[in-house]
Amino acid sequence: MAYQFIIVTKQDGYALVQLNRPDVLNALNIKLMEELVEALTALDNDPDVRCIILTGNERAFAAGADIKEMADASAIEMLTRDQFARWDRIRKIKKPLIAAVSGFALGGGCELMMSCDMVIASETAQFGQPEINIGVMPGAGGTQRLTRAVGKVKAMEMVLTGRMISADEALRWGLINKVVPVEYYLEEAKAWAKEIASKPPVAIKLAKEAVLKAFDTTIEAGLEFERKNFYLLFASEDQKEGMKAFAEKRKPEWKGK
Amino acid sequence: MPDFQTLLYQITNGVLTITMNRPESYNAFTEQMKKELNDAFKEAARDAVVRCIVLRGAGLKAFCSGQDLKEHQGSKRSLKESLEKSYNPLIRKIRTIEKPVIAMINGVAAGAGCSVALACDMRVMSTEAYLMQAFVNIGLVPDSGAHWFLPRYAGLTRAFEYAATGRKIPAEECLQVGLVNRLAKPEELETVTMELANALAAAPTRAIGLMKRAFNKSLSSDLDSLLDYEAYIQQIASETDDHKEGLKAFLEKRKPVFRGT
């Protein structure tokens, strides 16, 4: 599949999706997001892929949505276009998504990053929701995901001032998983992807689903959901193999069923 | 080559010499000189030809006497803003530029001038020069990183003394307490400094840059984090051309020729 604004490659059980509009710091236009959603959906159904890395380049993961596309739009046009609704499909991807971030992750870029399950960042990475500075506010999940990730006061600070935070700060606040030297962020993400790709895929899927459930349910319903996924895994061959291998002190061989 | 009014900017054999050039005022910082210094370090970071930087003052009397107190006489300016906008970015640039920076302390380095010298990676000092945390003498506190550098180099006991008394710290004492790397007589200072600078300019620049990153981290983190970090940067260093050249030269029993890549 040939795309205009993204590059998709596959290796060692994982896929790498690179945002590729380097001349505009990977500004997320409608076409790019369409391609991205299409590619992620295809990879989600691809049996060779067990984990997906989403990355940009050294200067920018993505510096925001494409402002040119919306500068002159009316509210009705924005509502009709409903471009951010497409982003919701990313939330439905069942395989683990790792964002590998260097440089700017701003506005829509930060929101796209937060749609991923884990984030590996370069020590040069900078994060922010600067929409307030152009007369709007986050519109692709920023107010909701940032608040869930870093808590109310820090989310308010970022959303109301538009200030950027450094990689170390983002790590302290729990927005990202790990900070590594800029030369190594993609390698690190690949190592994580390879590790996850080596795990039993059905269990990975159900576990991801259960963690995400925590964000939109009560603890009661969440615990019940978790338990049912846990019990469901006892219908998989990988559970039998995993527990048998553990008892026999050998490495398990996963079948993915 | 950038055009500066208050600085000289000269590159010879990979060594960039930045001379603070206001000898009539002990090379004191003006708004313009601070802006130009920020620009000079930005340019030096970008220019691959530059593999070592020497920062010095013009003339024999001063490295830099700190803020030019005459510049803002009578005006109501915010020191906070001045630090945030010009001094702090300069200190950050000196600490994060991935090339070695040597301060050649040819004369007095006082106030923020002292802090800037302390921000450099190494210091070579004239036996006739002195450092001075002069801030307290006009009712101010050290700035531009002095509170961070001094206790780390010379220990808290001495740091407090230097900051609270504002006394001159003679060259001999600077060497003895670990504030500078070496001393040289005024007439030999330039030769000694350039010898060191030339050696560093011929060193594997990427490795030097990476170790600088790690040392910056080292001073504000724990052993566990540093051990993790070293594993990363060693891997990165091992993939440089200079490492390959170093290995090859070792096996061929010759001197390596590092290109800084």
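Before reading on, note that the structure itself is shown above.
Residues numbered from 1 in each chain as written. Chains lettered and ligands numbered in written order. Predicted model: local features only at pLDDT ≥ 70, side-chain atom pairs only at ≥ 80, totals over all residues.

Here we come to the overall build of chain A. Across its full length, chain A holds eleven helices and ten strands. Relative to the compact-globule value of 18 Å for 257 residues, chain A shows a C-alpha radius of gyration of 19 Å, a close match. The principal-axis extents of the C-alpha atoms in chain A amount to approximately 65 × 40 × 35 Å. In chain A, buried positions account for 39% of the 257 residues. The contacts of chain A with a sequence gap of at least 6 include a subset with a gap of at least 24, amounting to 69%. (Helix = DSSP H or I, 4+ residues; strand = E, 2+ residues; numbered from the N terminus. Rg over C-alpha atoms; globule rule 2.2 N^0.38 Å. Buried ≥ 20, exposed ≤ 12 C-beta atoms within 10 Å, placed from the backbone. Contact = placed C-beta atoms within 7 Å.)

We now examine the interface of chain B and chain A. Taken together, the four residues of chain B in the interface contact four residues of chain A. Looking at the side of chain B that touches chain A, its residues break down into three nonpolar, one polar and no charged. (Nonpolar A, V, L, I, M, F, W, Y, C, P; charged D, E, K, R; others polar.)

The biggest cluster of nonpolar side chains holds 69 residues, and the ones touching the most others in it are Ile52, Ile53, Ile98, Ala105 and Ala121 of chain A. Setting aside residues no more than four positions away along its own chain, Ile53 of chain A makes contact with Tyr14, Leu16, Val17, Ile98, Ala100, Ala189, Lys190 and Ala193 of chain A. In terms of nonpolar packing, the next biggest core, distinct from the first, is built from 66 residues, Leu7, Ala40, Val54 and Ala129 of chain B among them. (Core = buried A, V, L, I, M, F, W, Y, C linked by C-beta atoms within 7 Å.)

Residues and elements named next belong to chain A. Within the open sheet, the four strands sit side by side as E4-E6-E8-E9. Their pairing is mixed. Here the strands that pair on one side only, and so sit at the sheet edges, are strand E4 (60-62) and strand E9 (164-166). Neighbour-to-neighbour, the strand axes of this sheet turn through a mean angle of 20 degrees, independent of strand direction. Inspection of the sheet shows strand E8 (residues 126-128) paired to E9 by three bridges, in the antiparallel sense. Note that in E9 the partner of Phe127 across the bridge is Ile165. (Pairing = 2+ DSSP bridges. Axes fitted to C-alpha atoms, helices over the stretch in contact; angles between N-to-C directions.)

All names here are of chain B. Between its terminal C-alpha atoms helix H1 (residues 31-46) stretches 23 Å, which fits the 22 Å expected from 16 residues at 1.5 Å a residue. Residues of H1 that are buried: Met33, Lys34, Glu36, Leu37, Ala40, Phe41 and Ala44. What you see down the axis of H1 is that its buried residues fit within an arc of 165 degrees, all on one side. On the buried face of H1, the contacting elements are strand E1 (7-12), strand E2 (15-20), strand E3 (52-57) and helix H2 (79-96). (Expected span 1.5 Å × (residues − 1). Arc of directions from axis to C-beta.)

Now for the sheet that holds strand E9 (residues 168-170) of chain B. Strands belonging to one sheet form pairs held by backbone hydrogen bonds; the direction of such a pair is parallel or antiparallel. Residue and element names in this part refer to chain B. The four strands lie next to each other as E4-E6-E8-E9, forming an open sheet whose pairing is mixed. Each end of this open sheet is capped by a strand with a single partner; those strands are strand E4 (62-64) and E9. With direction set aside, neighbouring strand axes in the sheet form an average angle of 20 degrees. Pairing analysis gives three bridges linking strand E8 (residues 130-132) to E9, with the strands arranged antiparallel. Counted as the bridge partner of Tyr130 is Pro170 from E9. Strand contacts of helix H3 (residues 112-119): E4, strand E6 (108-110) and E8, with the helix running at about 100 degrees to E6, the strand carrying the most contacts.

Once that is clear, we can look at the pairing of strand E1 (residues 6-11) of chain A. Sheet faces and side chains relate simply in a regular strand, where the side chains alternate between the two faces. Residue and element names in this part refer to chain A. Where E1 lies against strand E2 (residues 14-19), six bridges are found, and the strand directions are antiparallel. Note that in E2 the partner of Lys10 across the bridge is Ala15. Turn length for the E1-E2 hairpin, with the two strands adjacent in sequence and antiparallel, is two residues, and the turn residue Asp12 shows positive phi of about 40 degrees.

Below, the discussion takes up unusual backbone geometry. For Asp12 of chain A, which is not a glycine, the phi torsion comes out positive at approximately 40 degrees. Counting through the fold element by element, Asp12 of chain A comes out in the loop between E1 and E2. Here Asn13 of chain B, not a glycine, exhibits a phi torsion of approximately 50 degrees, which is positive. Mapped onto the elements of the fold, Asn13 of chain B is located in the loop between E1 and E2.

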